[in-house]
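# Report on the structure
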Amino acid sequence: MTDLPAIWSYLSREPLLWLTATLIAYVAGDAAFRKSGRNPVVNPVLVAMILLSLVLWSTGTPYTTYFEGAQFVHFMLGPATVALALPLWSNLSHVKATLIPMLGALVAGSVVAILSALWIAQALGVEGPALLSLAPKSTTAPVAIGISEQLGGLPTLTAALVILTGIIGAVLVTPLMNLMRIRDWRARGFAVGVAAHGIGTARAFQVNETAGAFAGIGMGLNALLTAILAPWIVAMLFSG
Amino acid sequence: MIANLAVFLSFQLAGEVITRGAGLPLPGPVLGLALLLLACIAVPSFGKRLLPTAQGLLSHLSLLFVPAGVGVVAHISTLGSAAPALLAALVGSTVLALIAGALVFVGLARLTGSEAGHD
């Protein structure tokens, strides 16, 4: 019979424990989400990340150790992004019919996200690299980090701001759209994809397949547009 | 299922190789998405075969953000003393971007006569 510390020292070295913990925390988060009557505030990502953070904190486990297990889940983001092509393909007739509304909403959502974030933060006294890190926060993490580096921001801070933006968008989109009486799933999905990238898109897929498809398009297009716009807007606002 | 996953990974791989090779300012998986879309348009039976696996993967898209989310909590100190101001900027700009995107979409859909979509 092996003693407990020996078992713990095995588990803390292997990816098994934290991979399992990530899946269990998500299942718990998803169960809480369903039990709440699919309340957007009980976001499964938010619940899972709070549960896991508590476990890491109480066991004194560093994030790098946790990520050695969790990286297998994280890795699947790449193939999942590629898989967004399928709902896009099966909704192609909708997409072709709404090309103009999509392009208009893309430019509006993207520009408003960048400008208003910079203005609000600047008005509240944020400056320097922290302010620049904010510019690409509505776009998907790998693109945002690249843009942030290019602008002279802090990539780690940008990564955190991107994830927080996704959670904020996923939590707020349903009540906000209901308040505005917007019932068009295409508009709801597209707006959340542009404003809150993959986490917003995941939320859209929870609600409606069409909304999810349009969110995926919004996210993909905004990855491109933010890469072009953010350096230009920052140069315009902060030059001289 | 495994064959379909291999297809997604192959398109991601192609996307990574091309974006890095050509120095394009977009992530490899996004280019992989675009290439796969073109392939499905060219060969619809290919799309039909992949669709169930994609729906399975995407119905749990939230799960895939959990490791990065835990990272935010672990690195919350990177927000520094500017944390309240940054959070206010995130909430404010996300609300405004959602409103702007949805209103422009609905307005232009009405103008171009492509309404409906309440399914």
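The rules behind these values
- Residues numbered from 1 in each chain as written.
- Chains lettered and ligands numbered in written order.
- Predicted model: local features only at pLDDT ≥ 70, side-chain atom pairs only at ≥ 80, totals over all residues.
- Heavy atoms only, no water.
- UniProt positions renumbered as here; feature names shortened; annotations may be inferred.
- Helix = DSSP H or I, 4+ residues; strand = E, 2+ residues; numbered from the N terminus.
- Buried < 20%, exposed > 50% of the residue type's maximum accessible area, 1.4 Å probe, protein only.
- Contact = heavy atoms within 4.5 Å.
- Areas by Shrake-Rupley, 256 points an atom, 1.4 Å probe, with all protein chains shown as cover.
- Salt bridge = Lys/Arg side-chain N within 4 Å of Asp/Glu carboxyl O.
- Domains from an automatic or database assignment.
- Buried area = accessible area lost by both parts, 1.4 Å probe.
- Polar contact = N/O pair within 3.5 Å; in protein donor to acceptor, adjacent residues only side chain to side chain.
- Nonpolar A, V, L, I, M, F, W, Y, C, P; charged D, E, K, R; others polar.
- Core = buried A, V, L, I, M, F, W, Y, C linked by side-chain atoms within 4.5 Å.

In the nomenclature of an unreviewed UniProt entry, chain B is known as Putative effector of murein hydrolase LrgA, UPF0299 family of Lutimaribacter saemankumensis. Quoted verbatim from the Subcellular location (unreviewed entry) heading of the UniProt record, the comment on chain B is "Cell membrane".

Where an unreviewed UniProt entry is consulted, chain A appears under the name TIGR00659 family protein, with the organism given as Lutimaribacter saemankumensis. Recorded in UniProt for chain A, the comment headed Subcellular location (unreviewed entry) runs: "Membrane".

### Quick notes on the overall build of chain B
If you tally the helices and strands in chain B, you get five helices and zero strands. Start at the N end of chain B and walk to the C end: the helices and strands fall as α-α-α-α-α. Buried residues in chain B amount to 49% of all 119 residues. Taking contacts inside chain B between residues at least 6 apart in sequence as the whole, the part at least 24 apart equals 40%. Here chain B displays about 5,500 Å² of accessible surface, and carbon together with sulfur accounts for 73% of that area.

### Here's the deal with the pattern of salt bridges
Residue and element names in this part refer to chain A. In the structure shown here, the tally under the stated rule is three salt bridges over all chains. With its nearest N and O atoms 3.2 Å apart, the salt bridge here joins Arg34 to Asp30. Remark: Asp30 and Arg34 occur in helix H2 (residues 16-35); sequence separation between them is four residues, near one turn of the helix. Taking the relative accessible area as the measure of exposure, Asp30 reaches 11% and is therefore buried. In this structure, Arg186 engages Asp184 in a salt bridge whose closest nitrogen and oxygen atoms are separated by 2.7 Å. The same class applies to Arg186 and to Asp184, which are both buried.

### Quick notes on the UniProt feature "transmembrane region" (unreviewed entry) in chain A
The UniProt record marks residues 15-33, 40-60, 72-92, 99-121, 157-177 and 213-238 of chain A with the feature "transmembrane region" (unreviewed entry), using the residue numbering of this structure. Between the end C-alpha atoms of residues 99-121 of chain A the distance is 33 Å, and the span holds 100% helix and 0% strand.

### Side note on the domain arrangement of chain A
Residue and element names in this part refer to chain A. Annotation of chain A at the domain level lists domain 1 (1-82) and domain 2 (84-240). Look at where the C-alpha atoms of domain 1 and domain 2 centre, and you get two points 26 Å apart. With eleven residues of domain 1 at the contact, the number on the domain 2 side is nine residues. When domain 1 packs against domain 2, close to 900 Å² is buried across both sides, 62% of that on carbon and sulfur atoms. Among the residues domain 1 hides against domain 2, the three largest losses belong to Pro40, Asn43 and Val82. Together they make up 40% of the total. Where domain 1 touches domain 2, the interface holds zero salt bridges. Our count for the contact surface shared by domain 1 and domain 2 stands at five residue pairs in polar contact (both at pLDDT 80 or more). Where the side of domain 1 that touches domain 2 is concerned, the elements lending two or more residues are helix H3 (44-59) and helix H5 (77-83). For the side of domain 1 that touches domain 2, the class distribution of residues is eight nonpolar, two polar and one charged.

### Section: the nonpolar core
Tyr66, Leu86 and Phe190 of chain A together with Phe8 and Leu36 of chain B are the most contacted members of the largest nonpolar core, which has 112 residues in total. Two domains each put at least three residues into this core: domain 1 (1-82) and domain 2 (84-240) of chain A. With sequence-adjacent residues up to four places away left out, Leu86 of chain A is seen in contact with Phe8, Leu36, Cys40, Gly47, Leu50, Leu51 and Ala54 of chain B.

### A look at the interface of chain A and chain B
Residue-level contacts link 93 residues of chain A with 76 residues of chain B. Of the roughly 7,200 Å² buried where chain A meets chain B, counting both sides, 84% is carbon and sulfur surface. The largest per-residue losses of area from chain A upon contact with chain B belong to Val82, Leu86 and Trp89 of chain A, which jointly make up 10% of the total buried on that side. Taken together, the connections running from chain A to chain B amount to zero salt bridges. Along the contact surface separating chain A from chain B lie four residue pairs in polar contact (both at pLDDT 80 or more).

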